[in-house]
Amino acid sequence: MKKLIYLLLLVLSGSFIASFLVACDEDEDCSATTRQRMWCGVYRMSEGETPRAVKDTIPLLTVKAFGTDSTLVNKQEKVSLLDLPLRYTEESTVFVFTYSDTEKDTIKVKHTNSPYFISLDCGYQMRQLISEVSHTKHRLDSIHLSRNDANNNGTENIKLFYKR
């Protein structure tokens, strides 16, 4: 009789644990919580009577976050698109673009950081809106801010125009 009671308790507790685990396993998609990034396309202006933006590449590029020891891009070749993280703890982020031992440009991005709640399972995300971009002009000619919200879907935020 005791064995039957133990067996019954074991079966009931097993099905309780299984139903508890299934109930806690929600199919919440937390992909929205991946870190938002600033997406940068590389361009040059075409020559001719009606210049237009043409996709381009940077032959060799290293990108570091100024004031840190973080290397975000390390000697990458033929760069045509960059995704760069913006700082959560500051309202501006400075990047140092190094093309060679002697050529560098600095890009300063001003942005606002606003935390927003996604869900209990996914937690919070930081919404970052770019308000202004400034830069040095060694190899970089100009920057066009085309979309101000940092994102995780590859939508271009700024166009980097290089001299030819």
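Look above for the structure.
This write-up is about the structure you can find in this document.

Calculation rules
- Residues numbered from 1 in each chain as written.
- Predicted model: local features only at pLDDT ≥ 70, side-chain atom pairs only at ≥ 80, totals over all residues.
- Heavy atoms only, no water.
- Helix = DSSP H or I, 4+ residues; strand = E, 2+ residues; numbered from the N terminus.
- Buried < 20%, exposed > 50% of the residue type's maximum accessible area, 1.4 Å probe, protein only.
- Polar contact = N/O pair within 3.5 Å; in protein donor to acceptor, adjacent residues only side chain to side chain.
- Contact = heavy atoms within 4.5 Å.
- Salt bridge = Lys/Arg side-chain N within 4 Å of Asp/Glu carboxyl O.

### What to know about the side chain of Asn-157
Mapped onto the elements, Asn-157 comes out in the loop between strand E9 (140–145) and strand E10 (158–162). Taking relative accessible area as the criterion, Asn-157 reaches 0% and is therefore assigned buried. Side-chain polar atoms of Asn-157 contact the backbone oxygen of Arg-147, separated by 3.0 Å. Looking at Asn-157, its side chain comes within polar contact range of the main-chain oxygen of Asp-149, at 2.8 Å. Among all residues touching Asn-157, those that are not within four sequence positions of it are Arg-37, Met-38, Trp-39, Ile-130, His-144, Leu-145, Ser-146, Arg-147, Asn-148, Asp-149, Ala-150 and Asn-151.

### A short note on the pattern of salt bridges
Counting across every chain of the model gives five salt bridges. Between Arg-44 and Asp-56 there is a salt bridge, with its nearest N and O atoms 4.0 Å apart. One end of the pair, Arg-44, is in strand E1 (residues 38–45); the other, Asp-56, is in the loop between strand E2 (53–55) and strand E3 (58–65), and 12 residues separate them in sequence. On the accessibility criterion, Asp-56 (12% relative accessible area) is buried.

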